[in-house]
Amino acid sequence: MVNIMNLIKDRHSVRQYKDVAVEDKKKALLENYASELSAKSGLRIKVVFDDPEGFNSALARYGRFSNVKNYIALLGNSGMDEAAGYYGEAIVLKAQELGLNTCWVGLTFNKKVVKKLCNPSEKIYCAIALGYGENQGASHKVKTFEAVTSIKGTPPENFAEGVEAALLAPTAMNQQNFVIKCREGQCRIVTKHWSPYAKLDLGIVKYHFEKVTGLKVYEPTK
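Residues numbered from 1 in each chain as written. Predicted model: local features only at pLDDT ≥ 70, side-chain atom pairs only at ≥ 80, totals over all residues. Heavy atoms only, no water.

Undergrad: Explain the overall build of the chain here, please?
TA: Of the regular secondary structure elements, the chain holds 7 helices and 7 strands. Secondary structure elements of the chain, listed N to C terminal, follow the sequence α-α-β-α-β-α-β-α-β-β-α-β-β-α. Over its C-alpha atoms the chain spans a radius of gyration of 17 Å, differing by no more than 12% from the 17 Å that the globule rule assigns to 222 residues. Considered along the principal axes of its C-alpha atoms, the chain spans approximately 50 × 35 × 35 Å. Long-range contacts, defined here as pairs at least 24 residues apart, represent 76% of the contacts in the chain between residues at least 6 apart. By element, 51% of the accessible surface of the chain is carried by carbon and sulfur atoms, the whole surface being about 11100 Å². For the chain, the distance from the average site of its 31 positive side-chain charges to the average site of its 23 negative ones is 6 Å. (Helix = DSSP H or I, 4+ residues; strand = E, 2+ residues; numbered from the N terminus. Rg over C-alpha atoms; globule rule 2.2 N^0.38 Å. Contact = heavy atoms within 4.5 Å. Areas by Shrake-Rupley, 256 points an atom, 1.4 Å probe, with all protein chains shown as cover. Lys, Arg positive; Asp, Glu negative; His and termini not counted. Charge placed at Lys NZ, Arg CZ, Asp CG, Glu CD.)

So this is what it looks like as structure tokens:
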């Protein structure tokens with residue numbers, strides 16, 4: 001059985017990719033998982049393979065992306081930011097389990113190309129670069145346990161491990177703009193202040209916390 005905490009610790013953002021195709025078996029596994037997550041979430045999670053145009057733009061080059069030929073598009077109606085983060089991170093960790101690298105991307109991809117995947121009522125929440133990285137990426141600086149928690153009473157036994165997992169979540173500009181509140185054993189995770197990707201980041205953080213602790217703090221809204 002795969003240890004989710006190990007996947008979280010091993011996964012880092014990667015922007016430069018090798019010219020190596022993703023195997024057909026791994027393509028099928030990711031596409032099937034994307035379909036499962038789409039059905040659960042109400043999003044449309046589309047995995048695109050062998051298409052360099054999605055990251056062929058001046059913005060992508062400015063963002064130091066190179067040789068990105070595969071990506072995951074998170075598409076949906078308005079108001080699904082948190083779900084996009086939550087279920088997007090699920091497929092990111094599935095890719096990590098399959099030995100692939102990823103990078104969450106909010107702006108620096110070719111929006112004209114990815115927009116063609118959208119239905120009329122949909123928007124692009126994010127694109128996620130995907131493939132075999134030139135390297136495995138690097139750890140990011142994290143805040144302290146005390147900086148992101150507010151506790152009253154006795155927290156659940158595995159609370160500290162959940163906080164560690166949350167701190168390892170990728171967030172925009174590595175802001176870690178969240179607080180994990182625990183009141184008499186009941187946990188909530190909230191953003192500290194508004195930012196364009198605050199709700200999406202919150203979904204990613206909640207996914208890490210829930211999967212490591214087994215506690216439920218997120219209720220998806222379709």
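Undergrad: Whenever I open this one, the packing of helix α4 (residues 81–97) against helix α7 (residues 198–213) confuses me. Can you help?
TA: Packed helices, taken two at a time, are described by the angle between their axes plus the distance between the axes. Here α4 crosses α7 at 50°, and the two axes come no closer than 6 Å. In terms of their interaxial angle, α4 and α7 are classed as oblique. α7 is crossed by α4, and the crossing has right-handed handedness. In this structure, α4 uses Asp81, Glu82, Ala84, Gly85, Tyr86, Glu89, Ala90 and Leu93 to contact α7, whose residues at the interface are Lys199, Leu200, Leu202, Gly203, Ile204, Lys206, Tyr207, His208, Glu210 and Lys211. (Axes fitted to C-alpha atoms, helices over the stretch in contact; angles between N-to-C directions. Parallel < 35°, antiparallel > 145°, perpendicular 65-115°, else oblique. Left-handed = near helix turned anticlockwise from the far one by under 90°.)

Undergrad: How should the sheet that holds strand β2 (residues 70–76) be read in this particular structure?
TA: Remark on secondary structure: sheet strands pair via backbone hydrogen bonds, oriented parallel or antiparallel. Taken together, the 4 strands give an open sheet; going across it, the order is β1-β2-β4-β3, and neighbouring strands pair in antiparallel fashion. Since the sheet does not close on itself, it has two edges, and those belong to β1 (44–48) and β3 (101–105), each with one partner. The average undirected angle you get between the axes of adjacent strands in this sheet is 20°. (Pairing = 2+ DSSP bridges.)

Undergrad: Would you take a moment to explain the environment of Val142 for this structure?
TA: On the secondary structure map, Val142 appears in the loop between β4 (123–131) and β5 (149–152). If we ignore the near neighbours within four places in the chain, the residues touching Val142 are Leu167 and Gln176.

Undergrad: Any chance you could explain the environment of Tyr86 here in plain terms?
TA: Relative to the assigned elements, Tyr86 resides in helix α4. Considered as a pair, Tyr86 and Tyr207 are 121 residues apart in the sequence and their alpha carbons are 5.3 Å apart. Residues contacting Tyr86, with those up to four places away along its chain left out, are Gly203, Ile204, Lys206, Tyr207, Glu210, Lys211, Lys216 and Tyr218.

Undergrad: I would appreciate a short explanation of α4 in the present structure.
TA: A turn of α-helix holds 3.6 residues, and therefore any two residues three or four places apart point the same way. Taking 1.5 Å per residue, 17 residues should reach 24 Å; α4 reaches 24 Å between its end C-alpha atoms and fits that length. Counted residue by residue, α4 has 14 buried out of 17 residues, so it is predominantly covered. (Expected span 1.5 Å × (residues − 1). Buried < 20%, exposed > 50% of the residue type's maximum accessible area, 1.4 Å probe, protein only.)

Undergrad: Looking at this structure, I do not really get the packing of aromatic side chains. What am I missing?
TA: The geometry of an aromatic ring pair is captured by the separation of the ring centres together with the interplanar angle, meaning the angle of the planes. Within the structure shown, the criterion is met by 7 aromatic pairs. The aromatic ring of Phe109 is capped on one face by Lys111, whose charged end is 4.5 Å from the ring centroid. (Phe/Tyr/Trp six-rings, centres within 6.5 Å; stacked < 30°, edge-to-face > 60°. Lys NZ or Arg CZ within 6 Å of the ring centre and 35° of its normal.)

Undergrad: I keep staring at the sheet that holds strand β7 (residues 186–191) and nothing clicks. Help me out?
TA: Read from one edge of the open sheet, 3 strands run β5-β6-β7, paired in mixed fashion. Here the strands that pair on one side only, and so sit at the sheet edges, are β5 and β7. Taking each pair of neighbouring strands and ignoring which way they run, the sheet shows an average axis angle of 15°. Inspection of the sheet shows β5 paired to strand β6 (residues 178–183) by 4 bridges, in the parallel sense. Bridge pairing in β6 links Ile151 to Cys182. Here helix α6 (residues 159–167) sits on the sheet and contacts β5, β6 and β7; the angle it forms with β6, its principal contact strand, is near 165°. Here α7 sits on the sheet and contacts β6 and β7; the angle it forms with β7, its principal contact strand, is near 150°.

Undergrad: Would you mind going over α7 with me for this structure?
TA: Over its 16 residues, α7 extends 22 Å from the first C-alpha to the last, a length consistent with the 22 Å expected when each residue adds 1.5 Å. Of all 16 residues that make up α7, 14 are buried, and the element is covered over most of its length. Remark: Gly214 follows α7 within two positions and exhibits a positive phi of approximately 80°.

Note that all results are geometric; they support no functional claim without further evidence.
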